[in-house]
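Structure at a glance
Residue strings, one per chain:
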Amino acid sequence: MNVAGSSTSYPTAVRSSLGAVARFVKFDPSGRYVAAGRWDGTTSIWDVETGSCVRILDGHVKEITSADWSRNSRYVLTSSKDWNVVVWDLTSEIDPPQRHTTIRFDSAVMSASFHPRNSLIILALTRMGEVYLVDLRHGRRSRDELCDDDESRNCGKQISLSAARFDLSGKHIFVGTSVGSILVFNTRTKMLIARYKIPAAGIIRGFDFTRGGRRMVTNSSDRILRQFDLPAYPNSGPDGAVVDQELEPTHKFSDPINKSSWHAMSYSPDGNWLAGGSTDPAGHKIYVWDIGNGGQFASALDGGPDSLASLQWHPTKSCWASTSRDGFIFIWHHPKEARWGAFAAGFEELSHNVEYQEREDEFDDVNEAEILRRKLEAEEKDIDIDAIEPSPWKDKMLSSPNDVDAIWADEEPDDDEPRSRWSIKRVGVV
């Protein structure tokens, strides 16, 4: 059902499906491709526009647990229950591509991700509840474990870390715990700068951020999604001071029908909508809330009898990619009514009959030679096909010259160049 008067700008129907045998799906930053992690240890790269598989990444021996893209989509990172994180270069001419980098851990890796500014910096969460920040830059090679010894001592037991993610600037790492708290670390110093307690939340299972970075939603074991407004953190904690307080959500979201928990949640590109993928075994259920209208419940959508396994919003469009328990990838869209005015210049659609008035020059002879001259002039103008117009939300993440955290991340940059300078090597595609 839809809320009356709501401006529907979220997907409402399945446009196509891909037989990827996928456990989960992850859009690249352009939204053109998706990475599909599989139970057999392989990851397939699919072209959303053509519905074709363009690469197979085969290097793990157990189930894929997560995938991530570098900022310009050249590199893909995969983590697995085989204790490895592997980085792949999609420009490789070899089929299947060889591993570009392999990082070995002491237990199964449940999630891993690239730093938003540098793919040589990697964050990983293991099944043992440990979070590691791995720096592969030659001058800064390190593997640091992020932990909060104070909270463990206060609780009288070892706290297990259950979720980890960079914020969109890459300056901070948000870590969820098994006791319902959120730890915030400075990425450069690896120091804890904030500790937030979320009353009655249970285990923190995941995070998502709006593009502006000022709002965050959490998924926890009490079956509630919570949205928070985030403060602006200093580049480093003053004298090692740690913010320690309870954090009250601005909104709480739950399954209003079956009270199910959530596999995933995702903000729309503009942050005005939130989608939640339900664990309901009876169907492929997605719930939508209107954040721009006070967090009101907007719609409950059903994608069929196969239960949902993962969900992600397209980076720029009104589009979702979701996966079913049977491994299909569903691409959702928002169907638009046909506009007949697009088929003829000057055609105007009318809601009611009106009296037609002929213009004085409507049937005058047209100077075809003048029209042809103007067309030729337009064709002769130079067009810059390499220039890429920056995205407005990325402009908000640009840092000042004195931002030490950004300077640190940009030291020894990776070779993930803009897409205008390289292309994905497509194998088996004509």
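All of these numbers come straight from a predicted model, not from anything done at the bench. In this convention, every chain numbers its residues from 1, walking through the sequence in written order. Totals for whole chains, interfaces and linings use every residue, but because this is a predicted model, local features are given only for residues with pLDDT of at least 70 and side-chain atom pairs only at 80 or more, for both listing and counting. Side-chain measures here rest on the full set of heavy atoms in the structure, leaving out hydrogens and waters.

**Considerations on the overall build of the chain**
Assigned secondary structure in the chain consists of four helices and 29 strands. Reported accessibility uses the Shrake-Rupley method at a 1.4 Å probe radius. Residues are deemed covered only where the shown protein chains occlude them. Roughly 22,200 Å² of accessible area belongs to the chain as shown, and the carbon and sulfur atoms make up 49% of that amount. By definition, any uninterrupted DSSP run of H or I lasting at least four residues is a helix, any uninterrupted run of E lasting at least two residues is a strand, and each is numbered from the N terminus.

**Focus: the pattern of salt bridges**
Throughout this description, the term salt bridge denotes a Lys or Arg side-chain nitrogen within 4 Å of a carboxyl oxygen of Asp or Glu. Counting across every chain of the model gives 19 salt bridges. The closest approach of N and O atoms between D68 and K26, which form a salt bridge, is 4.0 Å. Of this pair, D68 sits in strand β6 (residues 64-69) while K26 sits in strand β2 (residues 24-27), and the two are 42 residues apart along the sequence. Partly exposed residues are those whose accessible area sits between 20% and 50% of the maximum for their type, while under 20% is buried and over 50% is exposed, using a 1.4 Å probe and protein chains only. A relative accessible area of 12% means that D68 is categorised as buried. Put simply, R226 and D222 hold a salt bridge, and the shortest N to O gap is 2.6 Å. Residue classification places R226 among the buried residues on the basis of a relative accessible area of 2%.

**Describing the environment of R325**
Along the chain, R325 falls in the loop between β28 (319-324) and β29 (329-333). Overall, the relative accessible area of 44% leaves R325 in the partly exposed class. Distance from R325 to S307, taken between C-alpha atoms, is 5.7 Å for residues 18 residues apart in sequence. In this description, contact between two residues means that some pair of their heavy atoms is separated by no more than 4.5 Å. Other than its neighbours up to four places away in sequence, R325 contacts W39, H263, S307, L308 and A309.

**A closer look at the UniProt feature "repeat: WD" (unreviewed entry) in the chain**
Residues annotated by UniProt as "repeat: WD" (unreviewed entry) correspond here to residues 25-56 and 57-92. For residues 25-56, the helix share is 0%, the strand share is 59%, and the end-to-end C-alpha distance is 14 Å. UniProt positions are given in the numbering used here, feature names are shortened, and annotations may be inferred rather than shown by experiment.

**A few points about the environment of I286**
Take I286: it is sitting in strand β25 (residues 285-290). Using a relative accessible area of 0% as the deciding quantity, one classes I286 as buried. Spatially, the C-alpha atoms of I286 and D255 are 9.6 Å apart, while their sequence positions differ by 31 residues. With sequence-adjacent residues up to four places away left out, I286 is seen in contact with A275, G276, S299, A300, L301, L308, L311, W320 and W332.

**A few points about the sheet that holds strand β15 (residues 172-177)**
Strand pairing in a sheet is mediated by backbone hydrogen bonds. Such pairs are either parallel or antiparallel. A pair of strands is considered paired only if DSSP assigns at least 2 bridges between the two. As summarised here, the arrangement of the five strands in space is β14-β15-β16-β17-β21, forming an open sheet in which the pairing is mixed. Lying at the two open borders of the sheet, with one neighbouring strand each, are β14 (161-166) and β21 (243-246). Neighbour-to-neighbour, the strand axes of the sheet open up by a mean angle of 15°, direction not taken into account. Across five bridges, β14 lies against β15 in antiparallel orientation. From the neighbouring strand, F166 faces β15, where its bridge partner is I173. Lines fitted to C-alpha atoms define the axes here, with helix axes fitted over just the stretch in contact, and angles between the N-to-C directions of these axes take values from 0 to 180 degrees.

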